[in-house]
Amino acid sequence: MASKRSWCSVRGCNNEHSSRFDVPKSEPLKTQWLCFVFEGNSPPDQPQFFHVCANHFSPDCFINEGQFKAGFAKKLLLKKGSVPTIRVPAAPPEEASTSEELDMVQHVASQKKLCTVGTQLSMKTLRPHYKSTGTQTTMLYPDIGVGPSMPLLSSTPIKRPNKRSRLELEEEEEDPSGASSSINVEESMDSTYDPADSVTTLTEPIDVTLESSNPVHKTATYIVYENCLLQLFKQCPVCQRVTNVRRSVLGTFLAVEQLCPHCAFFRKWNSQPIIQSTPAGNLQLSIAVYANGASFFKVKQIFQAMKLKMIHYTTFRIHARRYIQPAIVHSWKKAQDSMLHQLRLKQDIVLGGDMRADSPGHSAKFGSYSLMDLRTSSIIDLQLVQINEVGGSNNMEKEGLRRSLDLLRAHGVTFDSIVTDRHPQIQKYLREANITQYYDVWHLEKGISSCLGVSKKLLKIAQKKDSEKLQKWYRSIKNHIYWTAASSSTGPERVAKWTSILNHIRDMHTHDDPIFPRCLHPRRTTTDKSKWLRAGTTAFTRVEKILRNKRILKDVQKLSPHHQTSSLEAFHSIILRLAPKNVVFSFLGMLCRLYLAALHFNENAGRPQATMAAGEPLFKVVFPKYKKGQCSAKPVKVEPTFQYVDNLLELIFENVVVDPSPYMNDILKISIPEDLTSQFDKTDKQEVIDSYVSRFNQGQV
């Protein structure tokens, strides 16, 4: 009895269904079927073929009725010897469908195959407009493969488990009934999706494949609205009746239990896999926020605005202490050991060092000292110093440098010189340690304070009434500092070239110093003689006093000829994004953010310049504030990469979550100083609250 697609021959039916059956050829059964079709009155002009649809058979006539209702069979199969006995189909009025709607469904099904595998629901549940239990077999999802990893997709009622899986108690479950639901750990199932394909473009079929082997942290995630999701659980996939649905929420995790009160069908569905009693999405969100240096509270505000479920801050801190911070420390130590091993085999190493305080002035709590290999612009060491370790913020930079150099000596790394700023304690420490030190040119030219910066002093003099000519030479003198450092090989040569500018601004280009006897530029005949300064004038005397200052001349001798610490300043800007100065961090939290900044900087330090479609280098025009309206060209580099974030996700999900104890050993090796408040006596909180008085309610003095 083969299944045909044609109109039913039963008088009064005339329905077109895919599950229909030919009249058998054996005479006893054929007579019974024909009597049923024509109600005992066979017409004289009988058609050659007769077909009877599934509406006219009782349920016990079918072999695979349960599989067909659950969506796992395309066609119904009759038992041998079955006879139609039902004259009028007993289908509910709301489940009946018009032929126009059926044509539309068939047209869509023939052009596009839609599939939602992640919900682990039967195919018939996803058809909201066609719910006929015995006749409709025109399915929108006929080609979904069901493997052994989907045990819940069955038409047989599943017995409730006796025990509940334990979850990490991070948050309260949002259950209106107040009862917690049992949650099974199911294998992650997903379907591939091409964003270029539109849901409304029904032209070509989409091949849907299951990627059960895809790691959890590499699986695509989507925003699903609650009312859309719960629609998939309203109807029982076995008996097609309304079911009881209960949901449980744990941060971004959702568990749904579906129970049919009619046929006892039961199943559970989890929106995320469970890894070591922790929902994968909650942990992945914590890692993404932490590893990218985002503020948890800013992300929480974004989630609240979108009505997205969010984990609690306590959960975020648990994940940070237990998984994220150990993984960050381990990743940095591993990368640092690799760099130190390579440096141990190299020679002519030039280091650069500088300190960054978490807040300016003497109120800084932390001082982070960064040590860089200036040849490769790679951060090789970071030292975090807390103010109570050294007795004051003035001593933090020296202590940070000392710790970094001790680390290099412990690993057998030797270097030729180090480029730093002009910090007096650093000068003394390196001089006593017999280490060659150079000064960064920018620190001499601009300076940190007005008493040391050359350009700031010159600008202050040029603004005076009797020194207007100096404004024409202000930019040339600044450029002369960089040329002096780059073109000289010894300290006396730098001093000779530096002082030659005093003759040059007077239109004198031969000098008494034999090291640099004359200017290197070609001889020019000037037409504007008003720009030259004259000896003995107030403007020239002030300039000479600044440029021949004993400390300036002493520092000019130690200007770095080739390598500068501008890359360190760029690294400090990365730290500022990951650890803003207006946010208070713990010692370990600050240290981990420094390591993240170093991982990001080392990964993107050698980025090439971006190019246009024609291959030309790409620039952008900027208007720096210090140029006061003048623009300049700035090279545009290629977009940065964040491979270290992917590596952290892989390390945490595959190793740290499974066994965090080896990674906690790296945390335990870190010497964490006592908090600043530990030196004071702790006051009772209630006493402080009782003594609170507003400043506007103070008593009379």
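Bear in mind the structure is a predicted one, so any value in this text is a computation, not a measurement.

### Considerations on the side chain of R494
Argument step 1. For R494, the location among the structural elements is in helix α14 (residues 491–499).
Argument step 2. It turns out R494 is buried and unbridged, and the closest side chain with the opposite charge, E493, is 7.3 Å from it.
Argument step 3. A polar atom in the side chain of R494 sits 2.7 Å from the backbone oxygen of Q557.
Argument step 4. Residue contacts for R494: discarding those within four places in its chain leaves Y438, T484, A485, S488, S489, V556, Q557, L559 and P561.

### A few points about the sheet that holds strand β9 (residues 366–373)
The strands making up a sheet associate through hydrogen bonds between their backbones, and the pairing can be parallel or antiparallel.
Argument step 1. The strand order across the open sheet formed by five strands is β10-β9-β8-β11-β12, and the pairing between neighbours is mixed. Two strands bound the open sheet, and with one partner strand each, they are β10 (378–386) and β12 (436–439). Neighbour to neighbour, the strand axes of the sheet diverge by 25 degrees on average, direction disregarded.
Argument step 2. Pairing between strand β8 (residues 350–357) and β9: seven bridges, direction antiparallel. Opposite A357, over in β9, you have G367 as the bridge partner.
Argument step 3. Lying over the sheet, helix α10 (residues 424–432) contacts β11 (417–420) and β12, oriented at roughly 155 degrees with respect to β12.
Argument step 4. Relative to β8, helix α18 (residues 566–578) is tilted by about 35 degrees, and along the sheet it contacts β8, β9 and β10.

### Quick look at the packing of helix α12 (residues 454–462) against helix α16 (residues 538–547)
Argument step 1. The geometry of α12 relative to α16 is characterised by a closest axis approach of 11 Å and an angle of 170 degrees between their N-to-C directions. The orientation of α12 with respect to α16, classified from their angle, is roughly antiparallel. From α12, V454, K457, L458 and I461 reach across to α16, where they touch R542, V543, I546 and L547.
Argument step 2. Among the residues forming the contact of α12 with α16, the class breakdown is six nonpolar, no polar and two charged.

### Let's talk about the nonpolar core
Proteins that are soluble and globular tend to have nonpolar side chains buried together.
Argument step 1. Residues I379 and I652 are the most contacted members of the largest nonpolar core, which totals 84 residues.
Argument step 2. Counting residues per element, this core draws most heavily on helix α19 (residues 587–604), which supplies twelve residues.
Argument step 3. Ignoring anything within four residues of it in the chain, the contact list for I652 reads L283, I287, Y323, I324, A327 and V657.
Argument step 4. The next biggest cluster of nonpolar side chains, apart from the first, holds 29 residues, and it includes V441, L458, I481 and I552.

### With respect to the sheet that holds strand β5 (residues 266–270)
Argument step 1. Spatially, β3-β4-β5 is the arrangement adopted by the three strands of the open sheet, whose pairing is antiparallel. The open sheet terminates on both sides in strands that have one partner only, identified here as β3 (244–250) and β5. Within this sheet the neighbouring strands show an average axis-to-axis angle of 15 degrees, counted without direction.
Argument step 2. By the bridge criterion, seven bridges tie β3 to strand β4 (residues 253–259) in an arrangement that is antiparallel. Bridge assignment links S248 to a residue of β4, and that residue is A255.

### Some thoughts on the pairing of β10
Argument step 1. Of all nine residues that make up β10, nine are buried, and the element is covered over most of its length.
Argument step 2. In the sheet, β9 pairs with β10 via eight bridges, with the strands oriented antiparallel. Bridge assignment links D373 to a residue of β10, and that residue is S378.
Argument step 3. Connecting β9 to the next strand, β10, in antiparallel fashion are four residues, including S377 with a positive phi near 55 degrees.

### Some words on the pairing of β8
Argument step 1. Of all eight residues making up β8, eight are buried, and the element is well covered by its neighbours.
Argument step 2. Taking every second residue as pointing to the same face, both faces of β8 are buried, with V350, G352, D354 and R356 on one and L351, G353, M355 and A357 on the other.
Argument step 3. Relative to β11, β8 is paired through three bridges, and the arrangement is parallel. When the sheet's bridge partners are listed, G352 is paired in β11 with V419.

### Observations regarding the packing of α12 against helix α13 (residues 470–486)
Argument step 1. Contact pair α12 / α13: the axes reach a minimum separation of 10 Å and the direction vectors enclose 170 degrees. For the element pair α12 / α13, the angle class is roughly antiparallel. Packed against α12, whose contacting residues are V454, S455, L458, L459, I461 and A462, the element α13 presents L470, Q471, Y474, I477, K478 and I481 at the interface.
Argument step 2. Here the residues of the contact of α12 with α13 are counted per class, giving nine nonpolar, two polar and one charged.

### What about α12?
Argument step 1. Among the residues making up α12, those that are buried are V454, S455, L458, I461 and A462. The buried side chains of α12 occupy one side of the element, clustering within an arc of 125 degrees when seen end-on.
Argument step 2. Among the structural elements, α11 (441–445), α13, α14, α16 and α17 (550–556) are those in contact with the buried residues of α12.

### Brief notes about the environment of S586
Argument step 1. Note that S586 resides in the loop between α18 and α19.
Argument step 2. Judged by relative accessible area, S586 falls into the partly exposed class, the value being 40%.
Argument step 3. Between the C-alpha atom of S586 and that of F366, which follows or precedes it by 220 residues, the distance is 9.8 Å.
Argument step 4. Within polar-contact distance, the side chain of S586 engages the backbone nitrogen of G589 at 3.1 Å.

### A few points about the pattern of salt bridges
Argument step 1. Applying the stated criterion to the full structure yields 13 salt bridges.
Argument step 2. The partner of D406 in a salt bridge is R409, and the shortest N-O contact between them spans 2.8 Å. Linking D406 with R409, this pair stays in helix α9 (residues 396–410), spanning three residues, or about one helical turn.
Argument step 3. According to the relative accessible area criterion, D406 is partly exposed, its value standing at 32%.
Argument step 4. Where R548 meets E544, a salt bridge forms, and the shortest distance between an N and an O atom there is 3.7 Å.
Argument step 5. A relative accessible area of 30% means that E544 is categorised as partly exposed.
Argument step 6. A network of salt bridges, in which partner residues are shared, links E389, E399, R402, R403, D406 and R409.

### Focus: a nonpolar patch on the surface
Argument step 1. A cluster of nonpolar side chains, contributed by I223, Y225, I302 and M306, occupies part of the molecular surface with about 460 Å² of accessible area.
Argument step 2. Topologically, I223 is positioned in the loop between α3 (99–111) and α4 (226–230).
Argument step 3. I223 sits in the exposed class, given a relative accessible area of 52%.

### Details of the packing of aromatic side chains
Argument step 1. For the coordinates displayed, the defined rule picks out 16 aromatic pairs.
Argument step 2. Between the aromatic rings of F233 and W269, the centroid separation amounts to 5.7 Å while the plane-to-plane angle is 50 degrees, which identifies the pairing as tilted. Taken as a pair, F233 in the loop between α4 and β3 and W269 in strand β5 lie far apart in primary sequence, 36 residues in all. Each member of the pair, F233 as well as W269, is classed as buried.
Argument step 3. Through pairs of rings, three or more aromatic residues link up here, namely Y290, F296, F297, Y313 and F316.
Argument step 4. One cation-aromatic arrangement involves K497 over W483; the distance from NZ or CZ to the ring centre is 5.0 Å.
Argument step 5. Taking the ring centre of Y290 as reference, the NZ or CZ of R593 above it sits at 4.4 Å.

Conventions we followed
Residues numbered from 1 in each chain as written. Predicted model: local features only at pLDDT ≥ 70, side-chain atom pairs only at ≥ 80, totals over all residues. Heavy atoms only, no water. Helix = DSSP H or I, 4+ residues; strand = E, 2+ residues; numbered from the N terminus. Buried < 20%, exposed > 50% of the residue type's maximum accessible area, 1.4 Å probe, protein only. Lys, Arg positive; Asp, Glu negative; His and termini not counted. Salt bridge = Lys/Arg side-chain N within 4 Å of Asp/Glu carboxyl O. Polar contact = N/O pair within 3.5 Å; in protein donor to acceptor, adjacent residues only side chain to side chain. Contact = heavy atoms within 4.5 Å. Pairing = 2+ DSSP bridges. Axes fitted to C-alpha atoms, helices over the stretch in contact; angles between N-to-C directions. Parallel < 35°, antiparallel > 145°, perpendicular 65-115°, else oblique. Nonpolar A, V, L, I, M, F, W, Y, C, P; charged D, E, K, R; others polar. Core = buried A, V, L, I, M, F, W, Y, C linked by side-chain atoms within 4.5 Å. Arc of directions from axis to C-beta. Patch = residues over 30% accessible without salt bridge, like charges linked within 9 Å, V, L, I, M, F, W, Y side chains within 5 Å. Areas by Shrake-Rupley, 256 points an atom, 1.4 Å probe, with all protein chains shown as cover. Phe/Tyr/Trp six-rings, centres within 6.5 Å; stacked < 30°, edge-to-face > 60°. Lys NZ or Arg CZ within 6 Å of the ring centre and 35° of its normal.

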